[in-house]
Amino acid sequence: MLTPAFDLSQDPAFLTVAIRVPYARVSELDVYFEGVDFRFYAKPYFLRLTLPGRVVENGSEQGSYDADKGIFTIRLPKETPGQHFEGLNMLTALLAPRKSRTAKPLVEEIGASEVSEGGVEEEDEEFDWEIEQSPYEEASESALNPQYHYGFGNLRSGVFQRLQDELSDVIDIKDPDFTPAAERRQKRLAAELAKFDPDHYLADFFEDEAVEQVLKYNPWWTDTYTEMMASLGKSQEQENHAALVSFSEEEKYQLRKFVNKSYLLDKRAHRQVYYGLIDILLAYCYETCVTEGERNVESAWNIRKLSSTLCWFETWTNVHEILVSFGRRVLCYPLYRHFKLVMKAYRDTIKILQLGKSAVLKCLLDVHKIFQENDPAYILNDLYISDYCVWIQKAKSSKLAALAEALNEASLTKAQLGLELEELEAAAFLVQEEETALKAARSISRQQTPSSSPEASDSEESDSTSESETEGLDSEQGELTGSKSETVDPSRGPSFEAGSALLIDDSGLCRNSAIGTSGGSPGKPPASSCALGGSRPLIEELGEQLNSTVQVSEPEDSAAGSHSSVQGRVNGQTPSDRL
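What counts, and where the lines are drawn
- Residues numbered from 1 in each chain as written.
- Predicted model: local features only at pLDDT ≥ 70, side-chain atom pairs only at ≥ 80, totals over all residues.
- Heavy atoms only, no water.
- Core = buried A, V, L, I, M, F, W, Y, C linked by side-chain atoms within 4.5 Å.
- Buried < 20%, exposed > 50% of the residue type's maximum accessible area, 1.4 Å probe, protein only.
- Helix = DSSP H or I, 4+ residues; strand = E, 2+ residues; numbered from the N terminus.
- Domains from an automatic or database assignment.
- Contact = heavy atoms within 4.5 Å.
- Expected span 1.5 Å × (residues − 1).
- Disulfide = S-S within 2.5 Å.
- Phe/Tyr/Trp six-rings, centres within 6.5 Å; stacked < 30°, edge-to-face > 60°.
- Axes fitted to C-alpha atoms, helices over the stretch in contact; angles between N-to-C directions.
- Left-handed = near helix turned anticlockwise from the far one by under 90°.
- Nonpolar A, V, L, I, M, F, W, Y, C, P; charged D, E, K, R; others polar.
- Salt bridge = Lys/Arg side-chain N within 4 Å of Asp/Glu carboxyl O.

Q: Could you give me a rundown of the nonpolar core, with the residues and numbers involved?
A: With 121 residues, the main nonpolar core has F38, L277, L353, F371 and W391 as its most contacted residues. It is helix 9 (residues 267-290) that contributes the most residues to this core, 15 residues altogether. Here this core gathers at least three residues from each of two domains, domain 1 (6-94) and domain 2 (154-231 + 243-421). The residues touching W391, leaving out its near neighbours within four places in the chain, are F152, Y263, H270, V273, Y274 and L277.

This is the structure in structure tokens:
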């Protein structure tokens with residue numbers, strides 16, 4: 001027998017069941033309904049549903065068949081008109097539980113097929129979402145090789161002994177069958193500290209253009225949440241908010257494929273299931289945000305890596321632990337490592353939980369599809385996601401609302417992550433301020449350099465101008481001196497001869513100076529030099545240098561001749577004059 005595709009809807013008086021049975025013979029159709037039981041048969045299709053409310057056969061029921069579409073529509077009158085049936089889109093929960101065929105005696109849940117009128121779950125006990133405390137118990141040494149549990153509700157064990165090769169690429173923990181929960185946490189914290197990269201974090205912190213871009217993305221639940229809040233203002237019942245979330249045909253097909261079963265969970269395991277749900281939703285919200293709803297080959301890796309429940313098989317005792325673990329992993333592993341993304345996923349998870357189990361189921365179905373298309377991440381579907389998809393359909397909406405409230409009251413800061421983020425940011429800001437001050441100083445010096453350059457060039461030009469004027473003046477004076485010396489009358493005094501002498505002054509400097517010789521008394525300047533008023537200081541300086549002349553060591557004869565020559569020049573006579 002085949003299970004046909006079906007869909008349920010309602011109005012205040014009727015429950016409508018639409019069943020798609022192409023190529024079925026209408027003449028062989030059989031429909032039965034009473035109370036919460038509904039059965040449909042049209043060869044080769046068979047459908048049995050456990051309805052969320054009671055229906056009655058009173059003659060007002062209706063049925064129609066669309067041969068073109070192959071859809072058979074049945075309208076069933078409600079036993080209590082106006083009653084709202086909850087969970088009509090939870091297709092897996094509506095399917096009747098399958099009976100197990102096994103020779104082993106199993107624990108049977110009494111009244112599993114009975115559903116209360118108030119919902120699909122009888123438990124009304126409120127959860128305490130605070131930290132659970134238990135008295136210390138000495139560990140038993142009787143078990144030499146104990147096996148530890150993991151998976152949905154901690155119901156699995158021994159899986160890794162058979163699938164160690166496949167699971168080594170999916171999870172980070174090694175040999176989880178023999179690793180207790182406390183040791184898993186210690187290893188996880190150590191691995192996160194080793195993986196944390198301060199440079200990567202600071203790069204995303206200061207250069208956050210890409211992060212700001214993905215933060216602008218609004219996933220589908222944002223508009224749905226806005227519609228829900230708007231409907232609350234119109235005094236509509238909260239139960240009607242499930243209609244705001246719709247499932248695609250592919251999602252409905254997957255819901256029909258799930259095996260409907262009940263889970264025997266104690267109070268502690270039940271709480272662990274809810275906590276694990278938060279952890280998985282946080283990772284899913286981050287992945288949806290950074291990819292802007294476009295799945296890629298890294299989507300499965302992101303979700304399982306950011307969820308300690310999936311990657312380390314962690315168990316939780318309170319909501320704050322989950323937030324701290326998620327925040328640390330966001331800043332250690334993915335491409336975008338920014339605290340704003342942590343808070344974005346946190347707020348989105350609250351919205352999904354407040355929208356109810358329909359929104360949660362839609363997210364879980366998306367995670368299931370991502371893992372199913374990834375090898376070997378599909379193993380996590382068997383350990384967690386498939387069971388979550390079945391279990392959430394029977395979860396009570398009030399429990400999800402309480403969980404959303406507990407998550408909303410929790411808080412998370414950078415200091416609580418234990419990665420010294422505030423110290424890193426403070427040090428980075430100091431370095432940034434120093435670099436800014438250095439750049440400002442450089443810019444000021446660059447502005448001053450061009451302004452001083454014209455002044456230097458002006459001074460250089462003025463110096464060169466003065467030098468050229470001095471040179472011109474000296475040349476003019478030289479020409480004037482030469483012309484006057486040529487016009488002197490020989491009868492009025494001895495002739496003036498120009499000679500060259502090597503002068504060494506007291507400072508040790510050698511100068512090649514022109515020396516004038518005449519027949520006048522020693523130390524008296526020639527008449528021609530006296531006629532040049534501007535050259536008088538220069539002639540006096542030359543005379544002083546001649547008086548302080550030192551002799552350079554030479555052979556005796558040459559030295560004597562040199563001395564007599566110099567002496568003669570000082571007396572104003574040349575050797576030819578003496579002869």
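Q: Which residues make up helix 15 (residues 379-391), and what are the values?
A: Look at helix 15: 18 Å from first C-alpha to last across 13 residues, which is about the 18 Å you get at 1.5 Å a residue. In terms of residue burial, helix 15 counts as a mostly covered element, since twelve of its 13 residues are buried. For helix 15, the full list of buried residues reads I379, L380, N381, L383, Y384, I385, S386, D387, Y388, C389, V390 and W391.

Q: An account of the state of the cysteines is needed here, citing residue identities and associated values.
A: Within this structure, the stated rule accounts for zero disulfides. Looking at the unpaired C363, the closest cysteine sulfur is the one in C285, lying at 6.2 Å. Residue C363 is classed as buried on the basis of its relative accessible area, which comes to 0%.

Q: Quick one: what's the story with the packing of aromatic side chains, residue by residue and with numbers?
A: Applying the stated criterion across every chain, the model contains twelve aromatic pairs. The interplanar angle of 80° and the centroid separation of 6.0 Å between the aromatic rings of F205 and F429 together place this pair among those described as edge-to-face. Pair noted here: F205 is in helix 5 (residues 198-206) and F429 is in helix 17 (residues 421-486), with a separation of 224 residues, a long-range link. Since its relative accessible area comes to 18%, F205 is described here as buried. Here F429 falls in the partly exposed class, since its relative accessible area comes to 36%. With centroids separated by 6.0 Å and ring planes inclined at 50°, the aromatic side chains of W221 and Y284 adopt a geometry described as tilted.

Q: Got a sec to walk through the environment of K351? Specific residues and values, please.
A: Tracing the sequence through the fold places K351 in helix 13 (residues 339-355). Between the C-alpha atoms of K351 and W221, which are 130 residues apart in sequence, the distance is 7.4 Å.

Q: Describe the packing of helix 10 (residues 299-306) against helix 14 (residues 357-372), with residues and values.
A: For the pair helix 10 and helix 14, interaxial distance at closest approach is 9 Å and the crossing angle is 115°. Handedness of the helix 10/helix 14 crossing: left-handed. Two secondary-structure elements touch here, helix 10 through S299, A300, I303 and R304 and helix 14 through V367, I370 and F371. Looking at the contact of helix 10 with helix 14 residue by residue, the class counts come to five nonpolar, one polar and one charged.

Q: Give a description of unusual backbone geometry that names residues and reports values.
A: Note that the residue after K43, namely P44, is joined by a cis bond; omega there is 5°. One non-glycine residue with positive phi stands out, namely F313, at about 55°. Positionally, F313 belongs in the loop between helix 11 (308-311) and helix 12 (319-330). Within the chain, E420 stands out as a residue other than glycine whose phi angle is a positive 55°. With respect to the helices and strands, the residue E420 is situated in the loop between helix 16 (397-409) and helix 17. Overall, E420 belongs to the exposed group, its relative accessible area being 57%.

Q: Please provide a residue-by-residue account of the pattern of salt bridges, values included.
A: Under the definition given, this model contains 21 salt bridges. For the salt bridge of K261 with D387, the shortest nitrogen-to-oxygen distance reads 3.2 Å. Here K261, found in the loop between helix 8 (249-257) and helix 9, pairs with D387, found in helix 15; they are 126 residues apart in sequence, far enough to count as distant. Take D387: its relative accessible area is 7%, and that puts it in the buried class. The residue D366 makes a salt bridge to R295 at a minimum N-O spacing of 2.8 Å. One end of the pair, D366, is in helix 14; the other, R295, is in the loop between helix 9 and helix 10, and 71 residues separate them in sequence. Linked by salt bridges that have partners in common, D172, R185, R188, E192, K305, E314, E321, R328 and R329 make up one network.

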